[in-house]
Structure formats: C-alpha cells, structure tokens
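As a plain string of letters, each chain reads:
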2 protein chains.
Amino acid sequence: MLEKIQFVKPEEIEARSMAIIEEELKSKPGNHIWSPEEYAVVRRCIHTSADFDYAEQLYFSEGAVETALKLIKEGAHIVTDTKMAASGINKKRLAAFGGQVHCFMDDPQVAAQAKERGITRSAVCMEQGAKIPGKKIFAVGNAPTALIRLYEMIREGTLIPDLIIGVPVGFVNVVESKELIIQSNVPCIVARGRKGGSNIAAAIANALIYQCN
Amino acid sequence: MLEKIQFVKPEEIEARSMAIIEEELKSKPGNHIWSPEEYAVVRRCIHTSADFDYAEQLYFSEGAVETALKLIKEGAHIVTDTKMAASGINKKRLAAFGGQVHCFMDDPQVAAQAKERGITRSAVCMEQGAKIPGKKIFAVGNAPTALIRLYEMIREGTLIPDLIIGVPVGFVNVVESKELIIQSNVPCIVARGRKGGSNIAAAIANALIYQCN
C-alpha cells in the first residue's frame, strides 16, 4: 500500500497542490475572470477545502483585494467571530505590518451581554471589534448574526468597516446575511451561498497577508 | 433587505440547522445506513461545512463510534496535527472526562527535528503524540503525512492508536493516505477523497464528545 504514496519534499507540497488546483480549474465550467490577486484568494480557499465550489461562489467587490492589501500593509487589525479562524490566521506575518487578530468569543462580558440582550455572542463580538481604534477588517467565518450586526451598525452609522470577509457557513440566514453585506457598499470578499467556515475565513485572510511585502 | 432575515433565538439556531440537514439528507441519493451515533457525526460534519458530500464520503470502521465514546468517557487524549482543530475541539467538555487535546505544531523541537530529517512537522507531531501515556485518539485534519507516519508506526509495531480520525484535506497523497488508514485495522473515522480539514476534524471530535454523558 505504501508504494502508492509519492514522496514529496515538505517544502514542495503546497506548490504541487496549487499546480493541481490551477490545472483542474482550467477544465471547470464558469467564467473565471480574476485579477492575479483575487486568483490567489480563490486558490487558497480551494487549497484549504478541496472544494472547487469556491471558484463559483467567491464574490469580490470592485477593488476589494487591492484595498485589503493596502489595509494590511498599513497595520489594519482583523476582528473575527471564531477562535478557530483566529488560530488559523498567520498572526506573525500580520504583526510584521502592525496588525493584530482579535476575537472576543471567550470574553465573559460578551457572553453575559449576549444572554441579557437575547442575541448571539458573535453579534456582541462585532460591537467589541468596532471599538478597536484604527483600520479594521472583519472576518466572519461562523455566524450570520455577526454579519447582520455589522450591516445594522453600518446602517445606523455607528461603524464603517474598512473591509468585510463574509464567509459564515450554514443553513439559517446564512445566504441572506451575505447578500446584505454585498449590498452594503463596504469593500468585501464573500462566499455566496451556504458554504464557508472559519477555515475559509482564515484562508482568505492568509491569502491576503501572504501577498503583502 | 433586513426583512428577509428571520429572527431565530440564539439557542435555537443549531437545532434549526440540524433539522434542515436531516430533511435535506432524505432527498439525497445514496444508501444512508448509519447508527444514531454515526448519524450525529455525519450531521455535525455537514453542519460545519454545509457540504453534503460528507454524507457520501464518511467511512466508519465497524464499531468505531462506540469505541470512540468509550475512549472519551475513559479519559482518552486527543492528538491533532493542527492548531485550528485543537482550537475548535471542546476542551472543557473533554476535560470533564479527564482527556486533553495535544498539538505539537508550535514546538520548536518538532520544527528542528522535521527540518533535520526532511519530513513534515505533522509527521513528527504524531511521534510526539505517540509518547503520551494512556489512551489516545489521533485526529488528523491537515496533513496526509501525519496519517502516513501513523500507518508506518502501526506497521513497525511502535504504536497502536486507539482510534484515528483521518480527515486531512488536499491534493497530494491525501486520498491514498486515508485508504492506508482504512486498511490498517485500527478503529477509524475517515472522510474518503480529497475533502476534510481542521474544521471537520474538530466537528467529528465534538460530535463524539457531545454524545458522552
């Protein structure tokens, strides 16, 4: 059985994977017109999920990736709704530009406030994130309620996010919450439909960070 | 736009999602014969990814879930190859039975040894995990090289894992590494094919933990 395994040097595995993804994308249906910077995001989402649906579902508002790279280089923070995404984002590379990753899901005050107000912890997390001074990218990988709260704050005029990565996953209000963000006029990268997740949020954040020099 | 959002109480979102998954699974092709305990694992994988492919791809060796529940209740440890999976597993609930989650990816000695030997850090992590005393579940969500190393240790007779959750994701040796584990005769839960990930590894571990009382 072991003879079916090809030996690939550890440092070559990612490049080999990306080459396979690029090759297979050529034969997939759909009109794939991405800038090189957007393509790097698409590739990394597929790399982290082995799911080519992301080639169809990823939506980039005009200039979103350029905006993101500029923000990261200027030291923007990333606020996320899941500890898994916070864990997956390359914090060392982000910190080299001055930014930090923030996740408030474990904050007991967030839990208490969510319970009192009958809303999700993720929604309260976004409010906490909004208070951080400076430029901010919101990366939502789990809860549509986080995206909905962002949309409400934008409408109320209490928050202007610099960029939203909107990739919650699931079955309840997920599709709708992403469409809200697409229509909000905030620069955004969104995985339309039900799919997404903390792994996708981290993959998009990393695909952006890795393009910054 | 906001009127398209249904208000769902935070504590009801998961149950609503699971009901949608159950309903849609009925109309999917395929012969879904799962025990209730296996079904809970399938549902949670779909819940975390919105990807119904897991209904087709999840493989349970005979009695694997029963074995897993027994192990967790007896205080088994979980060794994983990714920090994201470690972050996503409910460590508090696991600790209630005496188990801990272990991930050695950030250990500088692991990095040094991997470099010296020309193998992946994930493979070295499995060797480190093998040294932990007591019952052990290996949950691999990222690197096929971790599964391959587990298989080699089983063959060498240096390790008998109590259970393997084999769900690495990707394009290089991923499919093959999972088939190795299926043929190893070790109790296992495997996502056949290319798909998987740290989110799926955590989802499976949690689906098991949540069934323990």
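Residues numbered from 1 in each chain as written. Chains lettered and ligands numbered in written order. Predicted model: local features only at pLDDT ≥ 70, side-chain atom pairs only at ≥ 80, totals over all residues. Heavy atoms only, no water.

Novice: It is not clear to me how the interface of chain A and chain B should be interpreted in this structure. Could you clarify?
Specialist: Many structure descriptions define interface size as the accessible area lost when the parts assemble. Across the boundary between the two partners, chain A contributes 50 residues, which contact 50 residues of chain B. At the boundary of chain A with chain B, total buried surface from both sides reaches about 3900 Å², with 69% on carbon and sulfur atoms. Linking chain A with chain B are 4 salt bridges. Notably, a salt bridge pairs R194 of chain A with E24 of chain B, separated by 2.5 Å at the nearest N-O pair. Summed over the shared surface of chain A and chain B, the number is 9 residue pairs in polar contact (both at pLDDT 80 or more). Of all the secondary structure elements, the ones that give two or more residues to the side of chain A that touches chain B are α1 (13-26), α2 (36-49), α5 (83-88), α9 (144-156), α10 (174-182) and α11 (198-209) of chain A. For the side of chain A that touches chain B, the element with the most residues is α1 of chain A, which contributes 6 residues. Tallied by class, residues from the side of chain A that touches chain B come to 22 nonpolar, 17 polar and 11 charged. (Contact = heavy atoms within 4.5 Å. Buried area = accessible area lost by both parts, 1.4 Å probe. Salt bridge = Lys/Arg side-chain N within 4 Å of Asp/Glu carboxyl O. Polar contact = N/O pair within 3.5 Å; in protein donor to acceptor, adjacent residues only side chain to side chain. Helix = DSSP H or I, 4+ residues; strand = E, 2+ residues; numbered from the N terminus. Nonpolar A, V, L, I, M, F, W, Y, C, P; charged D, E, K, R; others polar.)

Novice: Sorry if this is basic, but what is going on with the confidence of the model for chain A here?
Specialist: Segments scoring low in pLDDT should not have their predicted coordinates read at a detailed level. Residues with a pLDDT of 70 or more make up 99% of chain A, whose mean pLDDT is 95. For this predicted complex, the interface confidence comes out at an ipTM of 0.94, alongside a pTM of 0.96. (pLDDT = per-residue confidence, 0-100.)

Novice: Can you help me understand the relation of the copies chain A and chain B in this one?
Specialist: Think of it as a corkscrew move, a rotation about one axis and a shift along it, taking one chain copy to the other. Placing chain A over chain B gives an RMSD of 0.0 Å and needs a rotation angle of 180 degrees, together with 0.0 Å of translation along the axis. When the rotation and shift are considered jointly, the pair of chain copies conforms to a two-fold rotation axis. By C-alpha distance to the rotation axis, the residue of chain A lying nearest is M84 of chain A, at 2.5 Å. Of the interface residues in chain A, 100% have counterparts in chain B that sit at the interface too, so the contact is made through matching surfaces. (Least-squares fit on C-alpha atoms with pLDDT ≥ 70 in both.)

Novice: Whenever I open this one, the sheet that holds strand β3 (residues 101-102) of chain B confuses me. Can you help?
Specialist: Strand pairing in a sheet is mediated by backbone hydrogen bonds. Such pairs are either parallel or antiparallel. Residues and elements named next belong to chain B. Strand order in the open sheet made by the 6 strands is β1-β6-β5-β4-β2-β3, with mixed pairing throughout. Because the sheet does not close on itself, it has two edges, and the strands there are β1 (58-60) and β3. Of the strand pairs in this sheet, strand β2 (residues 77-80) and β3 are connected by 2 bridges, and their pairing is parallel. Bridge pairing links V79 to H102 in β3. (Pairing = 2+ DSSP bridges.)

Novice: Sorry, what's going on with the nonpolar core here?
Specialist: One broad trend across soluble globular proteins is that nonpolar side chains are buried collectively. One finds I204 and L208 of chain A together with I204 and L208 of chain B to be the most contacted residues of the largest nonpolar core, which totals 91 residues. Not counting the four nearest positions on each side in its chain, L208 of chain B is found in contact with V41, V65, A68, L69, I72, I165 and I189 of chain B. (Core = buried A, V, L, I, M, F, W, Y, C linked by side-chain atoms within 4.5 Å. Buried < 20%, exposed > 50% of the residue type's maximum accessible area, 1.4 Å probe, protein only.)

Novice: Just checking my understanding: could you explain the pattern of salt bridges for this structure?
Specialist: Under the counting rule described, the total for this entry stands at 29 salt bridges over all chains. For E14 of chain B, the salt bridge identified is with R44 of chain B, shortest N-O distance 2.6 Å. Separated by 30 residues along the polypeptide, E14 of chain B in helix α1 (residues 10-26) and R44 of chain B in helix α2 (residues 36-49) bring together distant segments of the chain. Judged by its relative accessible area of 37%, E14 of chain B falls in the partly exposed class. Note on R44 of chain B: relative accessible area 14%, which makes it buried. Through salt bridges with shared partners, one network takes in D51, D53 and K195 of chain A together with D51, D53 and K195 of chain B.

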